[in-house]
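# Survey of secondary and tertiary structure
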Amino acid sequence: MARILIVDDDPDMVESLTLVLEGSGHEVVARFDTAQIAAAVREVHPDLIILDVIFPDDDQAGFKAARLLARDAEVQHIPVLMLSAVNQLSDLGFSFSDKDISRDYLPVAGFLEKPVEPARLLARIGELLRGQ
Amino acid sequence: MKKDRDGLAGVLHADDIHHREMLARVHWAVRLRWFFVAACLAAGLFLPAVGLPRLAGGCFLVVGGSLAAANALFGWRLRGHDRGQTAAGAALRALCLGQVAIDYLGLSVVTYALGSVETPVMFLVLPNCILVALYFPARQSLAVALAGFFLAVLPLVLELAGVIPTERIFGPDFKDFILASPVILLSYLAFLALAILFCWYLASVIRRSLLANEETIEARYRDLLQLNREKTTAVLRGTHELKAPLAAIRSYASTLRDGYCGVLPDKARHVVERIGKRCDRLLATITDVIRLGNLQSGVRVGETLHGVEIGKLLAEEVAEAAAGGDKGVTVLYEPPPAQVWVRATEEHLHTLFGNLIGNAVRYSRSGGAVRVEVAATGEGRPRVTVRDHGIGIPSEAMSHIFVEHYRAGNAVRHDDSGTGLGLPIAKAAATLLGAEITVESEIDHGTVCTVTFPGMTGKEE
């Protein structure tokens, strides 16, 4: 089983994700903002990071954190699963899917839209932990 | 998807507009000069035969040949500008000045060959004065206009000074009469100078006005971009505020339903499932309302329509629809034998056909089939047809199908989870792409939605 770091400002979402992940045997550590995210990753040593996009002080904090982690040689190998409630809204400049994952634009290993069914979340996490 | 985060891609600045206009005019001048080249060469070859002095014929040939060589050089340099191989503004202005200088010199020689004051040919200096005044700052263009005047009257001055022989084409009386009368001669020259100054002044005023208008338009456009960015941020934040709590509630419901908080009694499990489904419907409605609002606002910052190969995009939509359904509806699609291009954005096409194909699947009966086809109209316009054999639309409901939130009675009875926004969203997306959408339906037999795009001959159009 894996150690998973959840970075999300919504405590309810963190709690429901934690229930699912811990119920499936994973160990969960939560952070509620992206400040010092690289330091948090070094401290927690997660096998996978679940990262929200929109935070109260910055609409693109998740993007910025993902790009920061992607440039950090020490932590860039850890898969990041991006999770956002806002997606595929025309003209918002904020529409993406797994197809848009790239080193420059969306440097993460996977993307899921909130709310996500527990089975789908666990399946995607399993794929990412197996390196798919 | 827009990856241009500042939303300023494709915005032309006033300088860009000015440069593009200038480039177009210089192209036009080069094309027009070839007619003058042809006219000069024809005059040089044929006019001596009808009594024009032989010197005049030779001058026309020399001017025609020189203009042809210079024009070929200008054309070659312009192709460099078109390919962006030369510096934009300054180099183009230098090229324009070079053309004007060559034109003035040619005109000066032709003026002399045609007896200077005997014909009004020296007034041909005026078009160049106007052109320069339109594209150069006032002082520069005035200097060029005055240079044009002096080059136009130079042959006359040199004739009067005895430096070059006096050339006549209408016999001695007319020209000698003018040259002998200082009042007439000065009046003639003053009239030419005034005409040049008048044209320069008029064109300069027009230029100032055009530049002021361009700057105003650019400023307004930038204001609109800024407003749209602010609107986008507000909508994004508002959407997040609406969807995030619902997503959390939905996640809790799923967590409870799947037993992560312990096994639920059947009744409790049923209630939790209903909570989850109502959340799903509310989330779908919020998403659709915002999507429709954005489509109807019609603002596409930093985003331009471009050629999209629709066959591949439809294959993706069909695969997604086929994978997402739990009613056993088959979605049939045979890609067109050749690539079909439409002028669009991928995002709007996904929105358009995601809704049409999703609707067709939704209103099909279990085990039914939906067929998606791409063809071309008689005029060569790409046409996509989505055909189902489902519940159909009652004839009395047909006039309301594009009304927001409207759902026909049989649609509600068949599936109560729809938002009534699928067709309005599809129509809004089609309208943005300049496409026409038509719906034909027969109750209990199915519906055919047809989208016809504007004609496009290939990828790069």
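Heads up: these notes are all about the structure in this document. (Residues numbered from 1 in each chain as written. Chains lettered and ligands numbered in written order. Predicted model: local features only at pLDDT ≥ 70, side-chain atom pairs only at ≥ 80, totals over all residues. Heavy atoms only, no water.)

A few words now on a nonpolar patch on the surface. Residue and element names in this part refer to chain B. A cluster of nonpolar side chains, contributed by Trp28, Leu32, Phe35, Phe36 and Leu124, occupies part of the molecular surface with about 510 Å² of accessible area. Along the chain, the position of Leu32 falls in helix 1 (residues 14–46). Take Leu32: its relative accessible area is 34%, and that puts it in the partly exposed class. (Patch = residues over 30% accessible without salt bridge, like charges linked within 9 Å, V, L, I, M, F, W, Y side chains within 5 Å. Areas by Shrake-Rupley, 256 points an atom, 1.4 Å probe, with all protein chains shown as cover. Salt bridge = Lys/Arg side-chain N within 4 Å of Asp/Glu carboxyl O. Helix = DSSP H or I, 4+ residues; strand = E, 2+ residues; numbered from the N terminus. Buried < 20%, exposed > 50% of the residue type's maximum accessible area, 1.4 Å probe, protein only.)

Residue and element names in this part refer to chain A. Strand 4 (residues 80–84) sits mainly inside the fold: five of its five residues count as buried. Alternating residues of strand 4 divide into Val80, Met82 and Ser84 and Leu81 and Leu83, and every residue in both groups is buried. Note that strand 3 (residues 48–52) and strand 4 share four bridges and pair parallel. Pairing of Ile49 across the sheet is with Val80, part of strand 4. The handedness of the strand 3 to strand 4 crossover, carried by helix 3 (residues 61–71), is right-handed. Summarising the sheet, strand 4 and strand 5 (residues 110–113) pair through four bridges and their orientation is parallel. The partner of Met82 across the bridge, within strand 5, is Phe111. (Pairing = 2+ DSSP bridges. Right-handed = clockwise from strand over helix to strand, strands pointing away.)

Right, let's talk about unusual backbone geometry for a bit. Cis geometry marks the peptide bond from Lys114(A) to Pro115(A), where omega comes out at -10°. Relative to the helices and strands, Pro115(A) resides in the loop between strand 5 and helix 4 (118–129). Residue Gln36(A) is not a glycine yet carries a positive backbone phi of 60°. Considering the arrangement of structural elements, one finds Gln36(A) in the loop between strand 2 (27–31) and helix 2 (37–44). For Gln36(A), a relative accessible area of 61% corresponds to the exposed category. For Ser116(B), which is not glycine, the phi torsion reads 45° and is therefore positive. Mapped onto the secondary structure, Ser116(B) falls in the loop between helix 3 (89–113) and helix 4 (125–135). A relative accessible area of 0% means that Ser116(B) is categorised as buried.

Moving on: the pairing of strand 4 (residues 369–376) of chain B. All names here are of chain B. Direction of pairing for strand 2 (residues 330–333) relative to strand 4: parallel, over a ladder of four bridges. Within the sheet, the bridge partner assigned to Tyr333 lies in strand 4 and is Val372. Alignment of strand 4 against strand 5 (residues 382–388), held across seven bridges, turns out to be antiparallel. Counted as the bridge partner of Val374 is Val384 from strand 5. The loop that links strand 4 with its antiparallel partner strand 5 comprises five residues; one of these, Gly380, has a positive phi angle of about 85°.

Residues and elements named next belong to chain B. Residues Arg274, Lys277, Arg278 and Arg281 make up a contiguous surface patch of positive charge. Here Arg274 is to be found in helix 8 (residues 266–297). Residue Arg274 is classed as partly exposed on the basis of its relative accessible area, which comes to 38%. (Lys, Arg positive; Asp, Glu negative; His and termini not counted. Charge placed at Lys NZ, Arg CZ, Asp CG, Glu CD.)

All right, on to the layout of surface pockets then. Residue and element names in this part refer to chain B. Within this model, the second largest pocket holds a volume of roughly 530 Å³. Forming the boundary of the second largest pocket are 22 residues, of which Phe36, Asp103, Leu107, Leu124 and Asn128 lie nearest the centre. At the level of secondary structure, the elements contributing two or more residues to the lining of the second largest pocket comprise helix 1, helix 2 (54–82), helix 3 and helix 4. Counting residues per element, the lining of the second largest pocket draws most heavily on helix 1, which supplies eight residues. Tallied by class, residues from the lining of the second largest pocket come to 17 nonpolar, two polar and three charged. (1 Å grid on protein atoms, 1.4 Å probe; cavity = no way out; pocket = protein on both sides within 12 Å on 5 of 7 lines; lining within 4 Å. Points joined across faces, edges and corners; volume = space filled by probe spheres on them. Nonpolar A, V, L, I, M, F, W, Y, C, P; charged D, E, K, R; others polar.)

Its place among the elements puts His26(A) in the loop between helix 1 (11–23) and strand 2. Within the local environment of His26(A), its side chain forms a polar contact with the backbone nitrogen of Ala2(A), the two atoms lying 3.2 Å apart. (Polar contact = N/O pair within 3.5 Å; in protein donor to acceptor, adjacent residues only side chain to side chain.)

When the charged atoms of two side chains with opposite charge come close together, those side chains can pair. Evaluated as defined, the whole model comprises 19 salt bridges over all chains. In this structure, the salt-bridge partner of Lys64(A) is Asp58(A), at a minimum N-O distance of 2.6 Å. Between Arg365(B) and Asp444(B) there is a salt bridge, and its shortest N-O distance comes to 3.6 Å. One end of the pair, Arg365(B), is in the loop between helix 10 (346–362) and strand 4; the other, Asp444(B), is in the loop between strand 6 (436–442) and strand 7 (446–452), and 79 residues separate them in sequence. Assessed through its relative accessible area of 36%, Arg365(B) is described here as partly exposed. Salt bridges linked by common partners bring Glu117(A), Arg250(B), Arg257(B), Asp258(B) and Asp280(B) together as one network.

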